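A look at the structure
These are the residues of each chain, in order.
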Amino acid sequence: MGLKTNKKVTIYIKNGCKTCHDFSSWLGSIGMKHETVEIVQNKEEWEAAKEEDQRDGVKFSTIPTIMISDGDERTYFNMPRDFKKFEEGRVLIQNELLKGL
């Protein structure tokens, strides 16, 4: 049984990134469908997302960067590579996915 939400999750990743893989696997384990965008192969999409959201004060400083879309509203998270902070990030993202359900 998957997490029931109308929110769309996109993960911007880099091939070979363990944190990216771990986070994508975690989303799958909670049943959250998501799209991954590999930033080297999809450089134009990555640059467009960075440009759009830097206007909103979002800094794309780490990979993976997670975008949660709910209609026209977008929320971005930069996931830290430090394990303890990574766990805290997962809690923040899970709370964002559950908000409004």
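This text goes with the structure placed above it.
All figures in this text were calculated on a predicted structure; none of them were measured in a lab.

Rules used in this analysis
Along every chain, residues carry numbers that run from 1 in the direction the sequence is written. A pLDDT threshold of at least 70 governs which residues receive local features in this predicted model, and a stricter bar of 80 or more applies before side-chain atom pairs are shown or counted, although totals over entire chains, interfaces and linings include all residues. Derived side-chain values reflect all non-hydrogen atoms in the structure, with water molecules and hydrogen atoms excluded from consideration. Salt bridge criterion: a side-chain nitrogen from Lys or Arg within 4 Å of a carboxyl oxygen from Asp or Glu. Secondary structure elements are taken from DSSP: a helix is a run of H or I of four residues or more, a strand is a run of E of two residues or more, and numbering for both begins at the N terminus. Accessible area is worked out with a 1.4 Å probe on protein chains only. A residue is then buried under 20% of its type maximum, exposed over 50%, and partly exposed in between. We define the nonpolar core as a collection of buried residues of types Ala, Val, Leu, Ile, Met, Phe, Trp, Tyr and Cys that are connected through side-chain atoms lying within 4.5 Å of one another. Any two residues having at least one pair of non-hydrogen atoms within 4.5 Å are treated as being in contact. By the convention used here, strands pair only if DSSP detects at least 2 bridges between them. Only the stretch in contact is used when fitting a helix axis, every axis being a line fitted to C-alpha atoms; angles between N-to-C directions are given from 0 to 180 degrees.

Turning our attention to the pattern of salt bridges. Following the criterion strictly, the structure yields two salt bridges and no others. Across the pair lysine 8 and glutamate 35 runs a salt bridge, and its minimum N-O distance is 3.4 Å. With lysine 8 in strand S1 (residues 8-13) and glutamate 35 in strand S2 (residues 35-38), the pair connects residues that are 27 residues apart, well separated along the chain. Here lysine 8 falls in the partly exposed class, since its relative accessible area comes to 45%.

In this section: the environment of tryptophan 46. Topologically, tryptophan 46 is positioned in helix H2 (residues 43-54). With relative accessibility at 7%, the residue tryptophan 46 sits in the buried group. Separated by 34 residues in sequence, tryptophan 46 and tyrosine 12 place their C-alpha atoms 7.4 Å apart.

Here we take up the nonpolar core. Formed by 23 residues in total, the largest nonpolar core has its most connected members in Val9, Tyr12, Phe23, Leu27, Ile66 and Ile93. Those elements giving two or more residues to this core turn out to be S1, helix H1 (18-29), H2, strand S3 (65-70), strand S4 (73-78) and helix H3 (83-98). Among all residues touching isoleucine 93, those that are not within four sequence positions of it are Phe23, Trp26, Ile66, Ile68, Phe77 and Met79.

Further remarks concern the sheet that holds S1. Spatial ordering of the open sheet is given by S2-S1-S3-S4, a layout of four strands whose pairing is mixed. Of all strands in the sheet, those with a lone pairing partner are S2 and S4, marking the two edges. Strand-to-strand twist in this sheet, taken as the mean axis angle between neighbours without regard to direction, amounts to 20 degrees. Strand direction decides the pairing type here: S1 and S2, joined by four bridges, are parallel. Looking across to S2, one finds that tyrosine 12 is bridged to valine 37. Where H1 meets the sheet, its contacts fall on S1, S2 and S3, and the angle it forms with S1 comes to roughly 160 degrees.

Take it as geometry only, folks, not as evidence of what the structure does.
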